[in-house]
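Fold and contact review
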Amino acid sequence: MARGLFITLEGGEGSGKSTQSKRLQARLEAEGQSVIITREPGGSPGAEAIRSLLVTGAADRWDGMTEAFLLFAARRDHVERIIKPALDRGTTVICDRFTDSTMAYQGYGHNLGREPVEQLNRIALNDFKPDITLILDLAVEVGLKRAVSRGGDELRYEDMDVAFHHRLREGFIDIAKRDPNRCHVIDATGSEDEVSNRLQGVVLTAVKSGNG
Ligand SMILES: Nc1ncnc2c1ncn2[C@@H]1O[C@H](COP(=O)(O)OP(=O)(O)OP(=O)(O)O)[C@@H](O)[C@H]1O
Ligand SMILES: [Mg+2]
């Protein structure tokens, strides 16, 4: 059986990752694929326990390096127990945030730099990477407005200052530039349908060209 595709959705707060993950799942299922959605931080019981340490509490609860260790501890558990077994069964995995978020938030946002995140990725995941990464790009103010209107109690990052969110956005763009075969920057402005059309067009093209 062919291995499943590993697809990640990335981007700042409120850029539409969760919304578009569900829509992409429905679309790929309509194409006959078996698809699961998972998310980070979290996605496995152990990683969800670590998630609660990360998404609640004061914005400065952890320094960037501590946070990076927690994220990679959670990610390793998630990859080993959920993601790889699903891919081996031939299931496509859509993951709402993955390593690029750690690079953007800790590496660029918290100014940790790229190197520690790359090193942790090597140690924790043996450089395991997605097949396709979709980076939803949206003006910071628009994304924050969407995230706040959605509400919920996991608003820790939304409380960071606006300069942080600008570093994030630029970080994601830089990540995409460095890995153009894997990463696709998707314009996340406009209606949910418009964004879906752009994003799903990229995925279906990549799948058909064998790039997935
Ligand atoms: N294209 C769109 N136009 C307007 N509103 C949108 C659009 N896409 C999503 N939304 C709404 O914006 C809010 C944030 O969307 P969503 O939760 O999908 O973003 P997210 O990237 O997962 O955010 P977070 O990083 O906070 O998890 C939701 O209330 C959602 O319904
Ligand atoms: Mg979300």
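Residues numbered from 1 in each chain as written. Chains lettered and ligands numbered in written order. Predicted model: local features only at pLDDT ≥ 70, side-chain atom pairs only at ≥ 80, totals over all residues. Heavy atoms only, no water.

Focus: the overall build of the protein
- Scanning the protein from terminus to terminus reveals eight helices and five strands.
- What you see in the protein, going N to C, is helices and strands ordered as β-α-β-α-α-β-α-α-β-α-α-β-α.
- By the compact-globule yardstick of 17 Å for 212 residues, the protein fits well, its C-alpha radius of gyration being 16 Å.
- Over its C-alpha atoms, taken along the principal directions, the protein stretches across nearly 45 × 40 × 30 Å. (Helix = DSSP H or I, 4+ residues; strand = E, 2+ residues; numbered from the N terminus. Rg over C-alpha atoms; globule rule 2.2 N^0.38 Å.)

Describing the packing of helix α3 (residues 64-88) against helix α4 (residues 99-109)
- The geometry of α3 relative to α4 is characterised by a closest axis approach of 11 Å and an angle of 175 degrees between their N-to-C directions. Comparing the axis directions of α3 and α4 gives the class roughly antiparallel. Note on element contacts: α4 touches α3 through T99, T102 and Q106, opposite G64, E67, A68, L71, F72 and R75.
- Tallied by class, the residues present in the contact of α3 with α4 amount to three nonpolar, four polar and two charged. (Axes fitted to C-alpha atoms, helices over the stretch in contact; angles between N-to-C directions. Parallel < 35°, antiparallel > 145°, perpendicular 65-115°, else oblique. Contact = heavy atoms within 4.5 Å. Nonpolar A, V, L, I, M, F, W, Y, C, P; charged D, E, K, R; others polar.)

Digging into the site of ligand 1
- By nearness alone, 15 residues border ligand 1, and K17, S18, T19, R150 and G190 come closest of all.
- In the model, a nitrogen atom of ligand 1 is placed 3.3 Å from a nitrogen or oxygen of the E192 main chain.
- Across the complex, the protein chains shield 78% of the 630 Å² of accessible surface that ligand 1 would expose by itself.
- When contributions to the shell around ligand 1 are tallied by element, the ones reaching two or more residues are α1 (17-30) and α6 (140-150).
- Counting residues per element, the shell around ligand 1 draws most heavily on α1, at three residues.
- Its residues assigned to classes, the shell around ligand 1 shows no nonpolar, eight polar and seven charged. (Near = heavy atom within 4 Å. Polar contact = N/O pair within 3.5 Å; in protein donor to acceptor, adjacent residues only side chain to side chain. Areas by Shrake-Rupley, 256 points an atom, 1.4 Å probe, with all protein chains shown as cover.)

Re the sheet that holds strand β2 (residues 35-39)
- Pairing within the open sheet is parallel, and its five strands lie in the order β2-β3-β1-β4-β5. A single partner strand is all that each edge strand has here, and the edge strands are β2 and β5 (183-187). Going from strand to strand, the sheet's axes swing by 20 degrees on average, the running direction of each strand aside.
- Bridge count for strand β4 (residues 132-137) against β5 is five bridges, and the pairing is parallel. Note that in β5 the partner of T133 across the bridge is C183. (Pairing = 2+ DSSP bridges.)

Some thoughts on the environment of L112
- Mapped onto the elements of the fold, L112 is located in the loop between α4 and α5 (114-125).
- Expressed as a C-alpha distance, the spacing of L112 and G64, which sit 48 residues apart in the sequence, is 6.4 Å.
- Not counting residues within four places of it along the chain, the set of residues in contact with L112 comprises G64, M65, A68, Q106, G107 and V117.

Examining the packing of aromatic side chains
- In total, this model carries four aromatic pairs according to the counting rule given.
- Ring plane angle 90 degrees and centroid distance 5.0 Å describe the contact between F6 and F98, whose orientation is recorded as edge-to-face. With F6 in strand β1 (residues 6-11) and F98 in the loop between β3 (92-96) and α4, this pair connects stretches of sequence that are 92 residues apart.
- Overall, F98 belongs to the buried group, its relative accessible area being 1%.
- With centroids separated by 6.4 Å and ring planes inclined at 80 degrees, the aromatic side chains of F98 and F128 adopt a geometry described as edge-to-face. Note that F98 is positioned in the loop between β3 and α4 and F128 in the loop between α5 and β4, a separation of 30 residues in sequence.
- An aromatic cluster is defined as three or more aromatic residues linked by ring pairs; in this entry it consists of F6, F98 and F128.
- Its guanidinium or amino end placed over the ring of F72, R75 lies 4.8 Å from that ring's centre, counting from NZ or CZ. (Phe/Tyr/Trp six-rings, centres within 6.5 Å; stacked < 30°, edge-to-face > 60°. Buried < 20%, exposed > 50% of the residue type's maximum accessible area, 1.4 Å probe, protein only. Lys NZ or Arg CZ within 6 Å of the ring centre and 35° of its normal.)

A short note on helix α8 (residues 192-208)
- A rise of 1.5 Å per residue sets the reference length of α8, with its 17 residues, at 24 Å; its end C-alpha atoms lie 24 Å apart and thus fit the reference within 8%.
- Next to the buried residues of α8 lie β1, α1, β4 and β5.
- At the C-terminal side of α8, G210 shows a positive phi close to 75 degrees. (Expected span 1.5 Å × (residues − 1).)

So, to be careful, I would describe these as geometric facts and stop short of saying anything about function.
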